[in-house]
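Next come the chains, spelled out residue by residue.
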Amino acid sequence: MNKVLQNKVAIVTGAGGGLGRAHALELARHGACVLVNDLGGDREGSGARAVVDDIVRSGGEALLNGGDVTNFEQMQAMVAQAVEAWGRVDILVNNAGILRDKSFAKMSMDDFRLVMDVHVMGSVHCTKAVWEQMRAQGRGRIVMTTSSSGLYGSFGQANYGAAKMALVGLMQTLALEGMKHDIRVNCLAPSAATGMTEGILDEAALAGLAPDKVSPGLIALVADDAPTRMILLAGAGSFECAHITMTQGIHADEASDAANVVRDQLGRVQDRTGETVPSSGWEQYKHELAKAGLGEARPV
Ligand SMILES: NC(=O)c1ccc[n+]([C@@H]2O[C@H](COP(=O)([O-])OP(=O)(O)OC[C@H]3O[C@@H](n4cnc5c(N)ncnc54)[C@H](O)[C@@H]3O)[C@@H](O)[C@H]2O)c1
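Each value, and the rule that gives it
- Residues numbered from 1 in each chain as written.
- Predicted model: local features only at pLDDT ≥ 70, side-chain atom pairs only at ≥ 80, totals over all residues.
- Heavy atoms only, no water.
- Pairing = 2+ DSSP bridges.
- Helix = DSSP H or I, 4+ residues; strand = E, 2+ residues; numbered from the N terminus.
- Axes fitted to C-alpha atoms, helices over the stretch in contact; angles between N-to-C directions.
- Contact = heavy atoms within 4.5 Å.
- Phe/Tyr/Trp six-rings, centres within 6.5 Å; stacked < 30°, edge-to-face > 60°.
- Buried < 20%, exposed > 50% of the residue type's maximum accessible area, 1.4 Å probe, protein only.
- Near = heavy atom within 4 Å.
- Polar contact = N/O pair within 3.5 Å; in protein donor to acceptor, adjacent residues only side chain to side chain.
- Areas by Shrake-Rupley, 256 points an atom, 1.4 Å probe, with all protein chains shown as cover.
- 1 Å grid on protein atoms, 1.4 Å probe; cavity = no way out; pocket = protein on both sides within 12 Å on 5 of 7 lines; lining within 4 Å.
- Sits in = over half its atoms within 2 Å of the grid points.
- Nonpolar A, V, L, I, M, F, W, Y, C, P; charged D, E, K, R; others polar.
- Points joined across faces, edges and corners; volume = space filled by probe spheres on them.
- Parallel < 35°, antiparallel > 145°, perpendicular 65-115°, else oblique.
- Left-handed = near helix turned anticlockwise from the far one by under 90°.

Novice: Please explain the sheet that holds strand β6 (residues 183-191) as it appears in this structure.
Specialist: By definition, the strands of a sheet pair up through backbone hydrogen bonds, in either a parallel or an antiparallel sense. Sheet architecture is open: eight strands sit in the order β3-β2-β1-β4-β5-β6-β7-β8, paired in mixed fashion. Two strands close off the open sheet at either side, each with one partner strand: β3 (62-65) and β8 (238-242). Each strand axis lies, on average, 20 degrees off the axis of its neighbour in the sheet, ignoring direction. As judged from the four bridges shared by strand β2 (residues 33-37) and β3, these two strands associate in the parallel manner. Bridging from a neighbouring strand, valine 34 pairs with alanine 62 of β3. Helix α1 (residues 18-29) rests against β1 (9-12), β2, β4 (91-94) and β6 of the sheet, and its axis sits at about 170 degrees to β1. Its contacts with the sheet place helix α6 (residues 158-178) against β5 (140-145), β6 and β7 (231-235), and it is angled at close to 155 degrees to β6.

Encoded structure:
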């Protein structure tokens, strides 16, 4: 097998089971040294410890970390642990996550905050902790784990969906800021049978959705030739891509009753013919300014 990640150093959060475990094993199989993080994963008998043992038994290198992604100091210590052992961090996989599902009407603000904290601030903490290291190396690969629940919505997951879409926003800007240091930032939206999906999938779906069918997509997002700013969907061995697109739209400024023109023309506003994927937020401004005849306008 072509070991595309030979001598690369990877950190995977929430890797004691489910998708994180599958990612850690696949990264190791492709030659990476892997720091396996999971909440309390340093405890005797934890899933994270078993993942480290599996990697070492197969001839790879792995480290165990029991840090909590919601604690920035613990994530800084986790990155320091990897750098001390292996001298660098090439790959960060922000995978740790939780669910607190309820309809929005019944959802407590504490559960909303907790889900935001683990997914959003957890990924921010780990990313911030590796960012200077990757900038100094002039190389880095970061994956945010998003979800179809964020991209497309899911009943009972307002907190989770908001958190997962926040990670797409984080990725969009970090991909731009990381570009000149060859730090590539992508999103992975997996579908897999794990602790998280227990009880919501039937037997046939469970059989097809093994987490290790997602991990080949992860490897593509962290290899030397990885893309940046990609939203990769992966499940049951299939791989697709999601885009945040913009339609060509209309210009209704000259009309005396612009609000009614917009209401009348919503069909044309939504018409997907010729839609594009803007390369930054400013590209969207430029599109609108150009339609207003102000195509030469620039940010000061
Ligand atoms: N399973 C799916 O179909 C699916 C779909 C979309 C997105 N995801 C995302 O994939 C990721 C992995 O989920 P999974 O399905 O493998 O679930 P899982 O519950 O099997 O794994 C999540 C892991 O994160 C760990 N974790 C939770 N809080 C933590 C913290 N504060 N610090 C460190 N570790 C923590 C847990 O201990 C657990 O091992 C999550 O981000 C999840 O939202 C999963």
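Novice: Looking at this structure, I do not really get the packing of aromatic side chains. What am I missing?
Specialist: Note on aromatic pairs: each is described by the distance of the centres and the angle between the planes. According to the stated counting rule, one finds two aromatic pairs in the structure shown. Residues tryptophan 282 and tyrosine 285 carry aromatic rings whose centres are separated by 5.7 Å and whose planes lie at 40 degrees to one another, so their mutual orientation is tilted. In this pair, tryptophan 282 and tyrosine 285 are both assigned in helix α11 (residues 281-291), three residues apart and thus about one turn of the helix distant. Classification of tryptophan 282 by relative accessible area gives partly exposed; the value is 27%.

Novice: What is the right way to look at the site of the ligand in this model?
Specialist: In the neighbourhood of the ligand, 27 residues make up the surrounding shell, with Leu19, Asp38, Asn95, Tyr160 and Thr194 lying closest. Within the backbone of asparagine 95, one N or O atom sits 2.7 Å away from an oxygen atom of the ligand. In this structure, lysine 164 approaches the ligand through a side-chain N or O atom, which is 3.0 Å from an oxygen atom. Protein chains bury 87% of the 830 Å² of accessible surface belonging to the ligand in isolation. Among the detected pockets, the ligand sits in the largest pocket. Of all the secondary-structure elements, those providing two or more residues to the shell around the ligand are α1, α4 (109-137), α6 and β6. By residue class, the composition of the shell around the ligand is 10 nonpolar, 14 polar and three charged.

Novice: I would appreciate a short explanation of the layout of surface pockets in the present structure.
Specialist: By rolling a water-sized probe across the atoms, one finds the places where empty space is left. Quantified by volume, the largest pocket comes out at close to 890 Å³. In terms of lining residues, the largest pocket is bounded by 42 residues, among which Gly97, Ile98, Tyr160, Thr194 and Met196 are the most central. Contributing elements (two or more residues each) for the lining of the largest pocket: α1, α4, α5 (148-152), α6 and β6. Here the lining of the largest pocket is built from residues that sort into 15 nonpolar, 22 polar and five charged. There is about 280 Å³ of room inside the second largest pocket. If you trace the second largest pocket, you find 15 residues lining it, with Ala28, Ser58, Gly59, Gly60 and Glu61 closest to the centre. Elements represented by at least two residues in the lining of the second largest pocket include exactly α1 and α2 (47-57). In terms of residues, the lining of the second largest pocket owes the most to one element, α1, which gives three residues. When grouped by side-chain class, the residues that make up the lining of the second largest pocket number five nonpolar, six polar and four charged.

Novice: Would you explain the packing of α1 against helix α8 (residues 215-222) in this entry?
Specialist: Each pair of packed helices can be described by the angle between their axes along with the distance between the axes. Contact geometry of α1 with α8 gives a least axis separation of 9 Å together with a crossing angle of 60 degrees. With respect to their mutual orientation, α1 and α8 come out oblique. Relative to α8, the crossing made by α1 is right-handed. Listed contacts from α8 to Leu19, Ala22, His23, Glu26 and Leu27 of α1 are Ser215, Pro216, Leu218, Ile219 and Val222.

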